[in-house]
Amino acid sequence: MKILFASSEVAPFIKTGGLADVAGSLPKALAQAGHEVKVILPLYEGIGGEWRSQMTFLKYFNVTLSWRQVYCGVFSLERDGVTYWFVDNEYYFKRWQLYGHFDDCERFAYFSRAVIEAPGQLDFWPDVIHCNDWQTALVPIYLLEEKYRIPQLGRAKSVFTIHNIEYQGRYGDQVLEDVIGLDKSYFNEGMLAYHDDVNLMKGAIMASNFVTTVSPTYANELKIPFYAHGMDGVINQQSGKVQGILNGIDMDLYNPATNPGLASNFTADDPVEGKLACKLALQRAVGLQENADVPIIACISRLVGHKGFSLVTDVLHQIMGMNVQMVVLGTGDWQFEEAFRNAQQQYPGRFSAQITYSGPLSTMIYAGADLFLMPSVSEPCGLSQMIAMRYGTVPIVRETGGLKDTVFPYNKFTGEGRGFTFTDINANDMLWVIREAVDLYYNNKEAWRGLQKEGMTADFSWDHSAQQYLDIYQRIQG
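Summarised in this report is the structure supplied together with it. (Residues numbered from 1 in each chain as written. Predicted model: local features only at pLDDT ≥ 70, side-chain atom pairs only at ≥ 80, totals over all residues. Heavy atoms only, no water.)

### What to know about the overall build of the protein chain
A tally of helices and strands in the protein chain yields 21 helices and 18 strands. Rg of the C-alpha trace for the protein chain: 23 Å, near the compact-globule value of 23 Å for 478 residues, within the 12% margin. For the protein chain, the spread of C-alpha atoms along the principal axes amounts to about 70 × 45 × 40 Å. Burial status across the protein chain gives 61% buried among its 478 residues. As displayed, the protein chain offers around 18,900 Å² of accessible surface, 47% of which is attributable to carbon and sulfur atoms. In the protein chain, which carries 38 positive and 53 negative side-chain charges, the distance between the mean positions of the two groups comes to 2 Å. (Helix = DSSP H or I, 4+ residues; strand = E, 2+ residues; numbered from the N terminus. Rg over C-alpha atoms; globule rule 2.2 N^0.38 Å. Buried < 20%, exposed > 50% of the residue type's maximum accessible area, 1.4 Å probe, protein only. Areas by Shrake-Rupley, 256 points an atom, 1.4 Å probe, with all protein chains shown as cover. Lys, Arg positive; Asp, Glu negative; His and termini not counted. Charge placed at Lys NZ, Arg CZ, Asp CG, Glu CD.)

This is the structure in structure tokens:
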């Protein structure tokens, strides 16, 4: 099967969030299953010279975007059995950040047109074009018309994956003809219309052959107004072609037995000494007191409301009233940043606020912490809890989205489970399970080791998820 995978960011080339991890891992798993996979993404300024030096220029052509004829260059790079196409246009993509510009609608309409034009220009005959989030939401819509003009698209079907429905690509209706180049029928007949605005994600859901989300629970949550950000009616209307597929992680990349960035490597069979060395190294690195016995609670996240940090700040002093240490890594809303900076001053040597983002430090935290806190209000899938479990760090999560699908609560009667969970968006409920977790850490080492081993040996690879995507591809192809 020939698959064209379109994404606005792809690891390891450029990354702002979990979308890049998926776009970097899923195509590789599909290629390993024996399929021909091309990944197309913008050639941003932030893609470094180490990657640019490996690229080959293929060709350039003009993309029609409404009344414009716009230059499009394509560079190619092959890695891990996948061919990557980088769309070059410095006017649109030589920017200091990926998103948040005044002309994002035009930038990603251009990218979507490039995705549609590239197969014809490069003689690639895709069976499936797999699009991701609002930045590529126009691709399934453009495909409805262009597949009859471009022979290479003649049998192509489209799959659209919702990674986070909060960001929908919503703009005033004036963008319809002059910016994205579609006539008013797409608005008047309801494909793109949403409360008198143009909603690109709605259009993709309506136009694509199949829609996926990044976890089964999230797919069900999107039928509920609380989680759907106004799209519950559309999701329910199209529910016959909506399915949740859990994201995976790169099991080789996140492997405590081989990871070179750790103070000591360790395995699920014998994690104690190696993890202790990682813990002491973490304490030294972030300014915590070196103490092998006290549990470290960690958070690695964007510090924003929907990640549940208001729950953390509400009971922060009660948490620190336990015999624990805490480290927070991330940036976000000022009130959370300030609360954690103040906690570091109030609890020196016991609380560390790392208001930044650092890949190497995040690896140290995953490996050196004992508990990993994710109290998200909404979490489409979440990768951090899976990475934490891979390193023997026991998660504490709210039962939402992929957190519910991956963290099975500890049962003190049977000893089964992978972590600790709570259901309601309630700080005291969260505090209760944190107390349970800390109590287990101190008073039942055998059960604690069982939780660690269950998480470390769980299969979070892409193999099963990739097969589910392939089943969908084959189903829509008949």
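Back to the text.
### Notes on the sheet that holds strand β7 (residues 157–162)
Spatial ordering of the open sheet is given by β3-β4-β5-β2-β1-β6-β7-β11-β12, a layout of nine strands whose pairing is mixed. At either end of the open sheet lies a strand with only one pairing partner, and these are β3 (56–65) and β12 (242–244). Direction aside, neighbouring strands of the sheet carry axes that sit 25° apart on average. Sheet topology note: the strand β4 (residues 68–79)/strand β5 (residues 82–88) ladder contains seven bridges and is antiparallel. Within the sheet, the bridge partner assigned to Phe75 lies in β5 and is Phe86. Along the sheet, helix α5 (residues 138–146) makes contact with β3, β6 (128–132) and β7, crossing β6 at roughly 145°. Docked against the sheet, helix α21 (residues 463–477) engages β1 (2–6), β6, β7, β11 (210–213) and β12, running at close to 145° with respect to β7. (Pairing = 2+ DSSP bridges. Axes fitted to C-alpha atoms, helices over the stretch in contact; angles between N-to-C directions. Contact = heavy atoms within 4.5 Å.)

### Observations concerning a nonpolar patch on the surface
Together, Phe57, Tyr60 and Tyr71 make up a nonpolar patch on the protein surface, roughly 330 Å² of accessible area in all. Mapping Tyr60 onto the fold places it in strand β3. Among the residues examined, Tyr60 registers a relative accessible area of 56% and is labelled exposed. (Patch = residues over 30% accessible without salt bridge, like charges linked within 9 Å, V, L, I, M, F, W, Y side chains within 5 Å. Salt bridge = Lys/Arg side-chain N within 4 Å of Asp/Glu carboxyl O.)

### Details of the environment of Trp448
With respect to the helices and strands, the residue Trp448 is situated in helix α20 (residues 445–457). Judged by relative accessible area, which is 1%, Trp448 ranks as buried. Sequence spacing of Trp448 and Phe108 is 340 residues, and the spatial spacing of their C-alpha atoms is 48 Å. In contact with Trp448, not counting residues within four places along its chain, are Asp370, Leu371, Val394, Phe420, Ala437, Leu440 and Tyr441.

### Let's talk about the packing of helix α19 (residues 427–443) against α20
Helices that pack against each other are described as a pair by the angle of their axes relative to one another and the distance between those axes. The geometry of α19 relative to α20 is characterised by a closest axis approach of 6 Å and an angle of 115° between their N-to-C directions. Of the residues in α20, those in contact with Ala437, Leu440, Tyr441 and Asn443 of α19 are Lys445, Ala447, Trp448 and Leu451. Of the residues assigned to the contact of α19 with α20, the class counts are six nonpolar, one polar and one charged. (Nonpolar A, V, L, I, M, F, W, Y, C, P; charged D, E, K, R; others polar.)

### What to know about the sheet that holds strand β16 (residues 371–374)
Taken together, the six strands give an open sheet; going across it, the order is β15-β14-β13-β16-β17-β18, and neighbouring strands pair in parallel fashion. Strand pairing shows two members of the sheet lacking a second neighbour, β15 (351–354) and β18 (420–422), which therefore form its edges. For this sheet, the mean inter-axis angle between neighbouring strands, taken without regard to orientation, is 15°. When strand β13 (residues 296–300) meets β16, the two strands line up parallel, connected through two bridges. Bridge pairing in β16 places Ala298 opposite Phe372. Contacting β13, β14 (325–329) and β15, helix α12 (residues 272–286) runs over the sheet at an angle of about 65° to β13. This element, helix α16 (residues 359–368), spans β13, β14, β15 and β16 of the sheet and lies at about 145° to β13.

### Quick word on the packing of aromatic side chains
Within the structure shown, the criterion is met by 23 aromatic pairs. Seen in terms of ring centroids, Tyr44 and Phe93 are 5.6 Å apart; in terms of plane orientation they differ by 75°. Their pairing is edge-to-face. Here Phe93 lies in helix α3 (residues 90–93) and Tyr44 lies in the loop between β2 (36–42) and α2 (49–52), a separation of 49 residues in the sequence. An identical accessibility class is assigned to Tyr44 and Phe93; each is buried. Between Trp85 and Phe124 the ring centres are 5.8 Å apart and the planes differ by 85°, which places this aromatic pair in the edge-to-face class. Of this pair, Trp85 sits in strand β5 while Phe124 sits in the loop between α4 (104–122) and β6, and the two are 39 residues apart along the sequence. Across the pair, exposure class does not vary: Trp85 and Phe124 are buried alike. (Phe/Tyr/Trp six-rings, centres within 6.5 Å; stacked < 30°, edge-to-face > 60°.)

### Looking at the pairing of β13
Here β13 lies mainly inside the structure; five of its five residues are buried. Burial of the side chains of β13 extends over both faces: Ile296, Ala298 and Ile300 are buried on one face and Ile297 and Cys299 on the other.

### Focus on the environment of Ser362
Within the element layout of this structure, Ser362 appears in helix α16. For Ser362, a relative accessible area of 5% gives the class buried. With 350 residues separating them in the primary sequence, Ser362 and Pro12 have C-alpha atoms 16 Å apart. Contact partners of Ser362, with chain neighbours within four places excluded, come to Ile300, Leu329 and Tyr357.

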